[in-house]
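Chain by chain, the residues run as shown.
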Amino acid sequence: MTNPLSVSRDTFNDVMVPNYAPSAVIPVKGEGSRVWDQQGKEYIDFAGGIAVNCLGHCHPALVTALTEQGQKLWHLSNVMTNEPALRLASKLVDATFADKVYFANSGAEANEAALKLARRHALEKHGEHKNQIIAFNQGFHGRTFFTVSVGGQAIYSDGFGPKPGAIDHINYNDIEAFKALISDNTCAVMMEPLQGEGGIIKAEPEFLRQVRALCDQHNALLIFDEVQTGMGRTGELYAYMGTDVVPDILTTAKALGGGFPIAAMLTTDEIAVSLKIGSHGSTYGGNPLACAIGEAVMDVVNQESVLAGVKAKHELIKNGLNAINAKYNVFECVRGEGLLIGAVMNQDYQGKARDFMVAAVEQGLMCLIAGANVVRFTPSLVIPDEDIALGLERFEAAVAAVVNAS
Ligand SMILES: Cc1ncc(COP(=O)(O)O)c(C=O)c1O
């Protein structure tokens, strides 16, 4: 029997299902963009809990929201509505194209709701034949069986038996393939406006415009999965705001709770009516504690100064990475928007992104990968410039270590 007072990384192997391979260190405390592990070693956090901790760790506004609401009311279920949910939904509606909000607990659940809504809406309005979902290779939408099947990486959806049907995948940014596939049988197109897990790849503006126009022509709904790009990550409140395309359904999670689990699906009045009473639901979705924190996140992030700061910090990190590359020649390019940045391995380092991430931890820096060839950086949207400088210094040391070892 494990002594609960002395858990270590070995305890993971003893008591946890082996679907993750966490790093050797166990963080125990965080403040802003710094984290400390069990041994007291300090890390600069360029990972942000996979694009979640948009205000860093233990931001005072979020701690206040958590403790104030935590002393009032945590949970009711959707048998009763609650004030924080109504306030957060009102703010999301005011700030976006949407008229209606459905709350969930994770990105996958928000996407599951979006896909079910699209299918139900098409069935009610047009009939059963209109059920095709078009999605994109390398796209990622979550790990429920519907969302993993719509996601464009078979490695995540194979091996679990028969998949939900009528889902087709094509290459991202391939408008000819899209034109050839879409028809009056298409019920929805699901896409990330900038693929995150797939390698930090932006949709071309012209591709987006044509996708929108063809969806309109064929009465298909356009679903933007903004689970990773949303809530300020790209320097816009939502990434669609930096394009000239507006989706019919948008999903948001990750940064929406700044580290507390919450997600939302946003849509229009006309589409929302298809989720009638009892047609879909969740016990926890929209609980007062999560929504109070989501509201506090949104109050901070949705300010011109914070969103402009994201764009300025993008330049700092991109320039820093390019300067490192000028010395060590390991990247083909640095790409992305706002604080969703990818450093793409060049020919000599194909498949080695993970080596850089592991070396970074050694040097006291947390970062991520997006596939085997991209090192991904998704720090807090308010990371201080001095932490960016120190993080880049540590990343340079990690790059030097990988280069010298190869
Ligand atoms: C674009 C996108 N959609 C959906 C998800 C799934 O979100 P969750 O892990 O909260 O279910 C992710 C997670 O990485 C994501 O990046």
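See the structure printed just above.
Residues numbered from 1 in each chain as written. Predicted model: local features only at pLDDT ≥ 70, side-chain atom pairs only at ≥ 80, totals over all residues. Heavy atoms only, no water.

A look at the site of the ligand
Then step 1. Not every one of the 13 residues close to the ligand is listed here, only the nearest: Gly 107, Ala 108, Asp 225, Gln 228 and Lys 254.
Then step 2. At 3.3 Å, a backbone N or O of Phe 140 approaches a nitrogen atom of the ligand.
Then step 3. The side chain of Gln 228 places a nitrogen or oxygen atom 2.8 Å from an oxygen atom of the ligand.
Then step 4. Out of a free accessible area of 400 Å², the ligand has 82% covered by protein chains.
Then step 5. Among the residues forming the shell around the ligand, the class breakdown is three nonpolar, six polar and four charged. (Near = heavy atom within 4 Å. Polar contact = N/O pair within 3.5 Å; in protein donor to acceptor, adjacent residues only side chain to side chain. Areas by Shrake-Rupley, 256 points an atom, 1.4 Å probe, with all protein chains shown as cover. Nonpolar A, V, L, I, M, F, W, Y, C, P; charged D, E, K, R; others polar.)

Let's talk about the packing of aromatic side chains
For any pair of aromatic rings, the description consists of the separation of the ring centres together with the inter-plane angle of the planes.
Then step 1. Inspection of every chain in the model, using the stated rule, returns 11 aromatic pairs.
Then step 2. Here the aromatic rings of Phe 97 and Tyr 240 are separated by 5.6 Å at their centres, their planes lie at 85°, and the arrangement is edge-to-face. In this pair, Phe 97 sits in the loop between helix H4 (83-95) and strand S4 (100-104) while Tyr 240 sits in the loop between strand S10 (221-225) and strand S11 (249-252), placing the two residues 143 residues apart along the sequence.
Then step 3. Phe 97 sits in the buried class, given a relative accessible area of 17%. (Phe/Tyr/Trp six-rings, centres within 6.5 Å; stacked < 30°, edge-to-face > 60°. Helix = DSSP H or I, 4+ residues; strand = E, 2+ residues; numbered from the N terminus. Buried < 20%, exposed > 50% of the residue type's maximum accessible area, 1.4 Å probe, protein only.)

Some remarks on the sheet that holds S11
Hydrogen bonds along the backbone pair up the strands of a sheet, which may run parallel or antiparallel.
Then step 1. With respect to topology, seven strands assemble into an open sheet ordered S4-S12-S11-S10-S7-S5-S6, the strand pairing being mixed. Each edge of the open sheet carries a strand with a single partner, namely S4 and strand S6 (167-170). Taking each pair of neighbouring strands and ignoring which way they run, the sheet shows an average axis angle of 20°.
Then step 2. Where H4 meets the sheet, it contacts S4 and strand S12 (263-267), and its direction lies at approximately 130° from that of S4. (Pairing = 2+ DSSP bridges. Axes fitted to C-alpha atoms, helices over the stretch in contact; angles between N-to-C directions. Contact = heavy atoms within 4.5 Å.)

Observations concerning unusual backbone geometry
Then step 1. Positive phi outside glycine occurs at Ala 51, with the angle close to 65°.
Then step 2. Relative to the helices and strands, Ala 51 resides in helix H2 (residues 48-51).
Then step 3. Take Ala 51: its relative accessible area is 1%, and that puts it in the buried class.
Then step 4. For Ser 77, which is not a glycine, the phi torsion comes out positive at approximately 80°.
Then step 5. With respect to the helices, strands and loops of the structure, Ser 77 is situated in the loop between helix H3 (60-70) and H4.
Then step 6. By relative accessible area, Ser 77 is classed as partly exposed at 22%.

Section: the environment of Val 93
Then step 1. Residue position: Val 93 is located in helix H4.
Then step 2. Taking C-alpha positions, Val 93 is 22 Å from Ala 220, a pair spaced 127 residues apart along the chain.
Then step 3. Excluding residues that lie within four positions of it along the chain, Val 93 makes contacts with Ala 98, Asp 99, Lys 100 and Val 101.

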